[in-house]
Amino acid sequence: MFNVKKLGAIACAAALALSLGACGGSSSSSSQSSSGSSDSSTTSTTSYTTVEDGKLIGVSDMAYPPLESISDSTNQPEGFEIDMMDAVAQKLGLQMEWLEPTKFDTIIPLIKQGGKADVGVSAFTITDERKDEIDFTDSYLDSNQGLVTKADSANTTEESLNVAGKKIACQSGTTGEAWIEENLPNATVVPLDDAIQAMTGVQTGLYDACVADLPVVSYLCKQSYTDCKVAIQIPTGEQYGIVVSKDNPGLTAAINQALQELKDDGTMDSLEQKWFGTTL
């Protein structure tokens with residue numbers, strides 16, 4: 001299920017942007033965040049630009065269920081964040097569109113560079129370090145971290161895992177990685193491309209444990225990795241935000257207004273019930 005994530009090199013983002021060229025749109029002229037259809041309700045005089053007229057283009061790693069992933073049955077994006085962004089785009093009178101899945105630690109550089117996507121949506125924890133590079137919208141979900149071990153493991157405490165030779169996996173560039181480095185300094189941190197790889201490594205015995213966002217690992221332990229368990233719930237008090245370029249403050253403001261409307265009209269609670277089985 002879930003996190004708190006990272007910054008890649010600008011050079012990597014540039015290379016990725018080239019590889020995704022077929023998925024991006026051309027720059028559009030300034031748009032107004034006024035209602036563009038009968039279904040949208042967000043009205044503002046704040047102007048903003050989008051990569052392509054009439055669309056809100058997002059980028060995500062699509063490997064963090066139930067927040068965002070690619071459906072096995074439809075091969076289309078699905079999850080809490082996917083439904084949320086569809087609702088946000090509708091409020092703005094836009095059509096939500098996604099680029100191909102992208103490595104987590106390249107998303108912020110891609111948004112900062114501009115020209116390919118309007119927003120990054122991939123369970124990004126709001127941090128001061130990230131805010132130096134890009135803007136965040138208001139938070140839309142709270143989260144903690146979770147440490148996962150095999151269900152029958154004898155090493156399920158910080159003390160037993162904070163020893164030389166223990167391998168703790170995580171998604172590269174996340175707040176989970178930062179927590180391991182700070183709290184399990186004697187163990188070996190193993191940064192990977194996504195949380196699924198980390199969970200699979202724990203399941204197969206390759207790693208002693210992994211750390212990722214609590215909603216995500218709780219979901220995965222119940223749905224796919226039933227021989228694993230959340231051994232430690234880590235109260236980090238994180239908040240997720242949508243990543244927007246600092247050059248597009250009007251879009252940040254418009255999305256904030258849409259998010260508030262979705263909270264006020266009960267849509268966010270309904271989506272949390274749908275994907276998490278409860279409100280968080």
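Residues numbered from 1 in each chain as written. Predicted model: local features only at pLDDT ≥ 70, side-chain atom pairs only at ≥ 80, totals over all residues. Heavy atoms only, no water.

Focus on the overall build of the chain
Reasoning step 1: Helices and strands together make up the secondary structure of the chain, namely 10 helices and 15 strands.
Reasoning step 2: Counting across all 280 residues of the chain, residues that qualify as buried make up 52%.
Reasoning step 3: Entry remark: accessible area of the chain is about 11700 Å², with carbon and sulfur atoms responsible for 45%. (Helix = DSSP H or I, 4+ residues; strand = E, 2+ residues; numbered from the N terminus. Buried < 20%, exposed > 50% of the residue type's maximum accessible area, 1.4 Å probe, protein only. Areas by Shrake-Rupley, 256 points an atom, 1.4 Å probe, with all protein chains shown as cover.)

Quick look at the pattern of salt bridges
Reasoning step 1: In the structure shown here, the tally under the stated rule is nine salt bridges.
Reasoning step 2: One salt bridge in this structure joins Lys 55 and Glu 52, with 3.3 Å as the shortest N-O distance.
Reasoning step 3: Its salt-bridge partner being Lys 274, residue Asp 83 comes within 2.8 Å of it at the nearest N-O pair. Residue Asp 83 is found in helix H2 (residues 80-91), and its partner Lys 274 is found in helix H10 (residues 267-276); the two are separated by 191 residues along the sequence.
Reasoning step 4: Ionic contacts of the salt-bridge type, sharing partners, join the residues Glu 52, Lys 55 and Glu 97 into one network. (Salt bridge = Lys/Arg side-chain N within 4 Å of Asp/Glu carboxyl O.)

Topic: the packing of aromatic side chains
Reasoning step 1: Counted by the stated rule, this structure contains three aromatic pairs.
Reasoning step 2: With 5.3 Å between their ring centres and 35° between their planes, Phe 80 and Phe 276 make a pair best called tilted. Placement of the pair is Phe 80 in helix H2 and Phe 276 in helix H10, with a sequence separation of 196 residues.
Reasoning step 3: Note on Phe 276: relative accessible area 16%, which makes it buried. (Phe/Tyr/Trp six-rings, centres within 6.5 Å; stacked < 30°, edge-to-face > 60°.)

Side note on the sheet that holds strand E10 (residues 141-150)
Reasoning step 1: Sheet architecture is open: five strands sit in the order E12-E11-E13-E10-E14, paired in mixed fashion. The open sheet has two edge strands with one neighbour each: strand E12 (188-192) and strand E14 (228-240). For this sheet, the mean angle separating the axes of adjacent strands, direction not counted, is 20°.
Reasoning step 2: Relative to strand E13 (residues 209-213), strand E11 (residues 167-171) is paired through three bridges, and the arrangement is parallel. Bridging across to E13, Ala 169 finds its partner in Cys 210.
Reasoning step 3: Helix H6 (residues 175-183) contacts E10, E11, E12, E13 and E14 of the sheet and is inclined by roughly 155° relative to E11. (Pairing = 2+ DSSP bridges. Axes fitted to C-alpha atoms, helices over the stretch in contact; angles between N-to-C directions. Contact = heavy atoms within 4.5 Å.)

Side note on the pairing of E13
Reasoning step 1: Within E13, five of the five residues are buried, leaving the element largely enclosed by the surrounding structure.
Reasoning step 2: Summarising the sheet, E10 and E13 pair through four bridges and their orientation is antiparallel. Considered in E13, the bridge of Leu 147 is made with Val 211.

Quick notes on the nonpolar core
Reasoning step 1: Counting 52 residues, the largest nonpolar core has Phe 80, Met 84, Met 85, Val 88, Val 119, Tyr 140 and Ile 242 as its most contacted members.
Reasoning step 2: The greatest single-element share of this core, amounting to seven residues, is contributed by H2.
Reasoning step 3: What Ile 242 contacts, discounting residues up to four positions off in sequence, is Met 84, Met 85, Val 119, Gly 120, Val 121, Asp 135, Phe 136, Thr 137, Tyr 140, Ile 255 and Leu 259.
Reasoning step 4: Membership of the second largest hydrophobic core comes to 14 residues, among which are Ile 57, Val 59, Leu 99 and Leu 110. (Core = buried A, V, L, I, M, F, W, Y, C linked by side-chain atoms within 4.5 Å.)

As for the packing of H2 against helix H9 (residues 249-264)
Reasoning step 1: Axis separation between H2 and H9 bottoms out at 9 Å; the angle between their running directions is 110°. In terms of their interaxial angle, H2 and H9 are classed as roughly perpendicular. The two elements H2 and H9 meet at a crossing, and its hand is right-handed. Residues Met 84, Ala 87, Val 88 and Lys 91 of H2 touch H9, and the partners they reach there are Ile 255, Ala 258, Leu 259, Glu 261 and Leu 262.
Reasoning step 2: Here the contact of H2 with H9 is built from residues that sort into seven nonpolar, no polar and two charged. (Parallel < 35°, antiparallel > 145°, perpendicular 65-115°, else oblique. Left-handed = near helix turned anticlockwise from the far one by under 90°. Nonpolar A, V, L, I, M, F, W, Y, C, P; charged D, E, K, R; others polar.)

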